[in-house]
Amino acid sequence: MPATRLLADIGGTNIRLAWQNPGDDSLHDTRVLQCAQYPTVDDAIRTYLGEVGIRAPHEAAFGIANPVTGDAIRMTNHSWSFSQKAVREAFGFARLVVINDFTALALALPLLTPDLLRQVGGGQAVPGEAIGLVGAGTGLGVSGLVFPPHSPAGVPLSGEGGHVTLAAQTQHEFDVLQVLQQRYGHVSAERAVSGSGLVDLYHAVRTVAKAGGTEVNSAAQVTEAALQAKDPLALQALDLFCGFLGNVAGNLALTLGARGGVYIGGGMVPRLGEWFDQSSFRQRFEGKGRFQPYLASIPCWIIDPSATPALYGASRALDIAGG
Ligand SMILES: Nc1ncnc2c1ncn2[C@@H]1O[C@H](COP(=O)(O)OP(=O)(O)OP(=O)(O)O)[C@@H](O)[C@H]1O
């Protein structure tokens, strides 16, 4: 095989992998593996390379769901940890770039074609203005793209906005947050707006309602109970989830001045289909008092995750790193 580029998007549940030929943007052999089935990231990568028949990729880029602050990587919502240097040496990569997974997704936003996006509310994006990015999956990823002078392609943000403090706006939300607070102490946005967060919201809703309800252990069970069985408590939990996401996305839009729009990534919202559009999301996105008209003009788009956009962003990170 000629020199190839290995790309990985490493989340708390899934690792998505693909490879590219030199000078060609097309992704090849895109696969999704379950992180929990591999003791280390090296094992998952070796399995992938073996399956697709590539022995020694020349270089690699990973987007990964944790802050990247030095050589040592420790995932926030999974047990994997590794040294970037050790991985680079183990696989013989000439270059390895590791960035946050939502920083990688932010780098891919300008590449997204309209067929991969579905708009939920708002008007037109203002070209050249900041863009917000938020996405619920195993965790809650947050990033954005800003366009300082001389950087027309945009500069991605590397933050940990999923861990901001979650605020309540209604008595019911306050009651639910109190239940979460008793469990976690600090209730970050991710404690509610994530897969495990949705399960916790369901249990909290039941506690507040002093109700029985169905036993659930996964986010998929809550969405199924809500959208298929029309279980009222599951519907309440799912609507709280969407409302909290709207609240966080609206805060992000205000903080960044994201008149370029807000993109919604992650694996959860696309699974809610058009039900999401009539949830509390948009109302809570805009419901910021005097800034309602400002937010009402900002478009939100749901990203279709099937195109594995973060892999393209990881590849762009290698291009930008040069060398
Ligand atoms: N039908 C469903 N409805 C809602 N949530 C679901 C459904 N199926 C799976 N999930 C949740 O989606 C989450 C996984 O999302 P995603 O595919 O974005 O994973 P990931 O990329 O590994 O996550 P992250 O990047 O946030 O660490 C899990 O928490 C899972 O419980």
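Labelled according to an unreviewed UniProt entry, the chain appears under the name Glucokinase, originating from Acidovorax soli. Turning to the chain, the UniProt annotation filed under Catalytic activity (unreviewed entry) states: "D-glucose + ATP = D-glucose 6-phosphate + ADP + H(+)". Under the heading Subcellular location (unreviewed entry), UniProt records this for the chain: "Cytoplasm".

Asks: Help me understand the UniProt feature "binding site: ATP" (unreviewed entry) in the chain in this model?
Replies: Mapped onto the present numbering, the UniProt feature "binding site: ATP" (unreviewed entry) falls on A8, D9, I10, G11, G12 and T13. Inspection of the secondary structure puts D9 in strand β1 (residues 5-10). According to the relative accessible area criterion, D9 is buried, its value standing at 12%. In this structure D9 touches N14, I15, R16, G63, D101, A310 and L311, once residues within four positions along its chain are discounted. With respect to the element layout, I10 can be found in strand β1. Apart from residues lying up to four places away in sequence, I10 is in contact with I15, V41, F62, G63, I64, A65, M75, W80 and D101.

Asks: For this particular structure, what's the right way to read the environment of A167?
Replies: Mapped onto the secondary structure, A167 falls in the loop between β11 (155-156) and α4 (171-184). The class of A167 is partly exposed, set by a relative accessible area of 42%. When the C-alpha atoms of A167 and G144 are compared, they prove to be 21 Å apart, with 23 residues separating the residues in sequence. Apart from residues no more than four positions distant in its own chain, A167 is found in contact with E173, L177, F244 and N247.

Asks: What is the right way to read the nonpolar core from this model?
Replies: In summary, soluble globular proteins display a tendency toward joint burial of nonpolar side chains. The biggest cluster of nonpolar side chains holds 53 residues, and the ones touching the most others in it are L6, I10, I15, Y48, F62 and W80. If you tally residues by element for this core, the top one is helix α1 (residues 41-52), at six residues. Ranked by size, the runner-up nonpolar core spans 52 residues in total, among them Y202, F244, L245 and V269.

Asks: Sorry, what's going on with helix α7 (residues 232-256) here?
Replies: Residues separated by three or four positions in an α-helix point in the same direction, a consequence of the helix having 3.6 residues per turn. Under the 1.5 Å per step criterion, the end-to-end length of α7 is 36 Å for 25 residues, consistent within 8% with the ideal 36 Å. Near the N-terminus of α7, the side chain that reaches the backbone nitrogen of L233, with its oxygen 2.8 Å away, is that of D231.

Asks: Is there a simple way to explain helix α10 (residues 309-321) in this structure?
Replies: Along its 13 residues, α10 runs 19 Å from first to last C-alpha, staying within 8% of the 18 Å computed at 1.5 Å per residue. Buried residues of α10: P309, A310, L311, G313, A314, S315, R316, A317 and L318, and no others. Immediately downstream of α10, the backbone of G322 shows phi near 65°, a positive value.

Asks: Help me understand the side chain of R282 in this model?
Replies: With respect to the helices and strands, R282 occurs in helix α8 (residues 281-286). Excluding residues within four positions of it along the chain, R282 makes contact with V120, G121, G122, L295, A296, I298, P299 and C300.

Asks: Explanation requested: the packing of α4 against helix α5 (residues 195-209) in the structure shown.
Replies: Packed helices, taken two at a time, are described by the angle their axes make and the gap between the axes. Following both chains from N to C, one finds α4 and α5 inclined at 115°, their axes separated by 9 Å at the closest point. The angle between the axes of α4 and α5 places the two elements in the roughly perpendicular class. Regarding α4 and α5, the two cross each other, and that crossing is right-handed. Contacts from H172, D175, V176, V179, L180, R183 and Y184 of α4 reach α5 at D200, L201, A204, V205, T207 and V208. Its residues placed into classes, the contact of α4 with α5 shows eight nonpolar, two polar and three charged.

Asks: Looking at this structure, I do not really get the pattern of salt bridges. What am I missing?
Replies: Going through the model one piece at a time under the given rule, you end up with twelve salt bridges. Across the salt bridge formed by R5 and D319, the nearest N and O atoms sit 2.9 Å from each other. One end of the pair, R5, is in strand β1; the other, D319, is in helix α10, and 314 residues separate them in sequence. The exposure class assigned to D319 is partly exposed, which follows from its relative accessible area of 48%. Overlapping salt bridges, with partners in common, bring together R5, E59, R95 and D319 in one network.

Asks: Can you help me understand the sheet that holds β11 in this one?
Replies: The pairing of strands in a sheet comes from backbone hydrogen bonds and takes either a parallel or an antiparallel form. Spatially, the six strands line up as an open sheet ordered β8-β13-β12-β9-β10-β11, and their pairing is mixed. A single partner strand is all that each edge strand has here, and the edge strands are β8 (117-119) and β11. Direction of pairing for strand β10 (residues 140-146) relative to β11: antiparallel, over a ladder of two bridges. When the sheet's bridge partners are listed, V146 is paired in β11 with V155. Helix-sheet contacts for helix α3 (residues 101-108) involve β9 (131-136), β10, β11, β12 (262-265) and β13 (300-303), and the interaxial angle to β10 is about 40°. Docked against the sheet, α7 engages β9, β10 and β12, running at close to 155° with respect to β9.

Asks: Looking at this structure, I do not really get the site of the ligand. What am I missing?
Replies: Around the ligand, the structure places 18 residues, and the nearest of them are G12, T13, N14, T138 and G267. With respect to the ligand, the backbone of G12 contributes an N or O atom lying 2.6 Å from an oxygen atom. Within the side chain of T138, an N or O atom sits 2.8 Å from an oxygen atom of the ligand. Counting residues per element, the ones that place at least two in the shell around the ligand are β2 (14-20) and α6 (219-227). Among the elements that line the shell around the ligand, the one with the most residues is α6, at three residues. Partitioning the shell around the ligand into residue classes produces four nonpolar, eleven polar and three charged. The residue makeup of the shell around the ligand includes at least three contributed by each of domain 1 (5-101 + 308-321) and domain 2 (122-298).

The rules behind each value
- Residues numbered from 1 in each chain as written.
- Predicted model: local features only at pLDDT ≥ 70, side-chain atom pairs only at ≥ 80, totals over all residues.
- Heavy atoms only, no water.
- UniProt positions renumbered as here; feature names shortened; annotations may be inferred.
- Helix = DSSP H or I, 4+ residues; strand = E, 2+ residues; numbered from the N terminus.
- Buried < 20%, exposed > 50% of the residue type's maximum accessible area, 1.4 Å probe, protein only.
- Contact = heavy atoms within 4.5 Å.
- Core = buried A, V, L, I, M, F, W, Y, C linked by side-chain atoms within 4.5 Å.
- Expected span 1.5 Å × (residues − 1).
- Polar contact = N/O pair within 3.5 Å; in protein donor to acceptor, adjacent residues only side chain to side chain.
- Axes fitted to C-alpha atoms, helices over the stretch in contact; angles between N-to-C directions.
- Parallel < 35°, antiparallel > 145°, perpendicular 65-115°, else oblique.
- Left-handed = near helix turned anticlockwise from the far one by under 90°.
- Nonpolar A, V, L, I, M, F, W, Y, C, P; charged D, E, K, R; others polar.
- Salt bridge = Lys/Arg side-chain N within 4 Å of Asp/Glu carboxyl O.
- Pairing = 2+ DSSP bridges.
- Near = heavy atom within 4 Å.
- Domains from an automatic or database assignment.

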